[in-house]
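Secondary and tertiary structure notes
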Amino acid sequence: MKAPMNRRVFVLGYGAATPLGATFDLTFENAVAGKAGFRRITRCEVKTLSNVVGEIPDWDPVASGMFEKKEAHNWNAAFVLLTVAVCRQALAHAGLVMEPDIGRRTACLIGSALNGMDAFRIASEKYANAGPLRVSPYLLPNLCGNMPASKAGIDLGFTGPLFSPQGACASGNHAIGMGARMIRDGDVDVVLAGGVDTPLVPEIIQGFANMGATIKVTPEDRAYDDPGQASRPFSCDRKGMVLSEGCGVLVLAAEEVAKAHGLKPRAEVAGVGWTSDAFHFTSPNVETIVRAMHQAIEDAQIAPQDIQYINAHGTSTFKGDLSEADCLRQVFGHHLGQIPVSSNKSQIGHTLGAAAAIEAALSIEAMQMGMVLPTINHCPTPDFDDLDVVPDTFRAHPHSFLLSNAYGFGGTNCCIVFKGV
Amino acid sequence: MGSSHRQAVILGYDAVCALGTRFPDAWEKALRGDSGIGPLTRFPMDDNFPVRIAGEVESIDDLDYPFLKPRERAKWTSPIFKHAMLTTSRAIERSGIEITPDIAPRTAITYSSALGGLDAALEADRRLVKENRLPKPFTNPNACINMVGGKVSILTGATGPITATISACATGSTSMIIGAMFIEQGLCDVAICGAVDFALVPAIIAGFATMNGTFYPKSGENVPPQAASRPFSRNRRGFVVSEGAGAVILAAREFAQSWGLRYQVALAGWGMTSDAHHVVAPHLPTVTRCMELSLAHAGIAPSAVSSINAHATSTQVGDKVEYDALCAVFGKKIPPVTANKSMMGHAMGASSAIETIFAVQGMIGGKIPPTINYDPDPDMVFDCVTDNARCLDQPYVLKNAFGFGGCNACIVLQKC
């Protein structure tokens, strides 16, 4: 066995594609402006009132100039090329050039909750209507959860460890947590850590609607005429999440790599907390969520009151938000009122496996600018009157420790503490 | 060598595969050189369906476990869940560990799957398209790959870190590597690892066929199913898709010792690389580096390796690249090699978990099961264990696994 190295891990850059924009910069700009990225679905037809979703505007792999038409045809699971584009963005943002020497010490961990379900749908259709010999030879590659990272590796040239860490809606934090530990202990020097999901296909939308997880926008709902108001975490009338597509990737690196390449760190990964519920496949479990937050804070060698901003999981479901607030009360006690807590899902919706990575990137960018992003569409309720949810508009708020929470179906909780640099 | 008290040791394991649903029986069959490959019967097919054979797992529904009750099976329609839970239950029983409230928070779960519950998604798709009926409420949970670990967590009460790390056909090995890494990093003391895949779904099998991955007989040739999977043979003609699941319970050596739990094999080293080369074709330099990294991590020279449990799926290119990489690492002295897929077919992500279990069983009993259907390829000269099981003491075994998209994972097992 190799000796542990205990290295510091920095975030050097990030990329994202979200309903607020096909790049991180556009996403951040629109988030600061307090905008929402929701509209009635255009990707497919659905027969449900859960028809308000978050679609990435103007995302077209061929028009982006990054991919040939043939490539876009073969990779018909949308999460593959989307990930390649966002990895490229993240490396450029970090200023890191993928030389072979650094490539072999670079891992790529891109999680997902639902993977290439869209390709499977196309293949099933082909199978039923044109016969088995018309099923695409690219079906299996499209379906494999690791293929977004694999295709990014083929296009961008890294050859270290590569797999897809899957933890449903916490996948992005799984990637960041695992990647940070691998760098700390010397397994690799650089990690592209992130998540991706493109779940806007009829079965998945209907499936979430039937579970009662997504908002049904009835004619009397305030989002009926203004879809932008559909996601309202911590509000009196929250009625479920808004399903979105998106991808987020962070570039993590060991301190000495950043120094050797003259790259500017944007934050440090200070602590990781990670638990499973052993409880229920969708309902959250307070005890294990509280433990995940405590672990992350202890791992960062700070106390709960040192956390100055909390990026909530905040999906806008009635019970989920209540239970998250309970957990926050248990961890932060009477300090909670002094700590701004906001949910980017009010603007982006729930990008499932991508959410945690996108939210980490947004939080870090905001921390660098001495501000916190808002929870928009806010309508107060006594349930959360002890929480400062940063309603509707961003706020100047210098801070140097933030906690980013993510919880997933199947009972997985992963919390990360980032430290300003 | 660093400190070995955080080294992951294997406390228990269990597998179901095409050779049987009771591991001791499957192991006996493997030593005899039986084949588990037969006709593909999972779904009705037309005459033009390109694949006719598979490695199907026999039914476990008559076993007396709570998760096999009809109500549970009706909710969790994908077979991945019940097989993950069965192998986990038995592996924990065999390990002698009790996941008490004290141990539960220190127990991680990395049980995974390469393809997950796609059968549930397919069913929902067909219901919606053909019958205009809404998906069942459990469709999305069935289709979420990490739900396998979620069910294992609920079954065992384990509440440590949980994840499902997917690397296509290397998923089982990656699961064990991540479990061992969590232990080494101090995130947990125990890890429930493994992988399950039941991929005999029409569109998937058709996809494997159109990508020329699956076995296709020479025109006019009538091959018995048992003779189709022929790793390293001159007439190898693609892999046979099979079903299976394997669970492995890992623990930190110091934990096993302080709880008086028996172990005979440790994960001494591992390596992971990616190809950055081609969607499905393997790449010699990165496959070679993966094996080298695992040996370096274990702190041993290639000459210390006693046998190799190959990935060898029975494809032309795949087996050749693995052989070339073995030559690059071991020179002219390649240790005895065996390919379990000759008997059980390719159980996708589960294969490397099941084959690791076979390798471990072989280390404990001093035996190596044969590579059946072997007809030497003049381009690949090495000591392939064939015809009969071989008796051999094996202090170190190298287990290879390579996945689509160029995900490579190699593990060095050490007899304690």
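As shown above, the structure is provided for reference.
Now for a look at the structure at hand. Here the structure is a predicted model, which means the values were calculated and not measured.

How each quantity is defined
- Residues numbered from 1 in each chain as written.
- Chains lettered and ligands numbered in written order.
- Predicted model: local features only at pLDDT ≥ 70, side-chain atom pairs only at ≥ 80, totals over all residues.
- Helix = DSSP H or I, 4+ residues; strand = E, 2+ residues; numbered from the N terminus.
- Rg over C-alpha atoms; globule rule 2.2 N^0.38 Å.
- Buried ≥ 20, exposed ≤ 12 C-beta atoms within 10 Å, placed from the backbone.
- Contact = placed C-beta atoms within 7 Å.
- Core = buried A, V, L, I, M, F, W, Y, C linked by C-beta atoms within 7 Å.
- Pairing = 2+ DSSP bridges.

**Focus: the overall build of chain A**
When you go through chain A residue by residue, the secondary structure sums to 14 helices and 14 strands. Since a compact globule built from 421 residues should have a radius of gyration of about 22 Å, the 20 Å found for chain A is in line with a globular shape. Considering chain A as a whole, with its 421 residues, one finds that 65% of them fall into the buried category. Considering only contacts in chain A between residues 6 or more positions apart, those separated by 24 or more positions represent 81%.

**Observations regarding the nonpolar core**
Ranked by size, the top nonpolar core spans 301 residues in total, and within it Leu250, Val251 and Leu252 of chain A together with Leu250 of chain B carry the most contacts. Residues contacting Val251 of chain A, with those up to four places away along its chain left out, are Leu12, Gly13, Tyr14, Ala90, Leu91, Ala94, Leu96, Val190 and Leu192 of chain A.

**Considerations on the pairing of strand S14 (residues 412-419) of chain A**
All names here are of chain A. Across the 8 residues that make up S14, a large majority, 7, are buried. Sheet analysis places strand S8 (residues 267-276) next to S14, joined by 8 bridges and oriented antiparallel. The partner of Gly273 across the bridge, within S14, is Cys415. Relative to S14, strand S13 (residues 401-408) runs antiparallel, the two sharing 8 bridges.

**Details of the sheet that holds strand S10 (residues 337-338) of chain B**
All names here are of chain B. Pairing is mixed in the open sheet, where 9 strands are placed in the order S4-S6-S7-S1-S8-S14-S13-S9-S10. Of all strands in the sheet, those with a lone pairing partner are strand S4 (107-109) and S10, marking the two edges. Two elements, strand S9 (residues 307-309) and strand S13 (residues 396-403), share 3 bridges in a ladder whose sense is parallel. The residue bridging Ile308 from the neighbouring strand is Leu398, located in S13.

**Here we look at helix H9 (residues 202-211) of chain A**
For H9 of chain A, the buried fraction is high: 8 of the 10 residues fall into the buried class. Along H9 of chain A, the residues that are buried comprise Pro202, Glu203, Ile204, Ile205, Gln206, Gly207, Phe208 and Ala209 of chain A. As for H9 of chain A, its buried residues are in contact with helix H5 (117-130) of chain A together with helix H4 (118-131) and helix H5 (139-143) of chain B. Two residues or fewer after H9 of chain A comes Gly212 of chain A, characterised by a positive phi angle close to 75 degrees.

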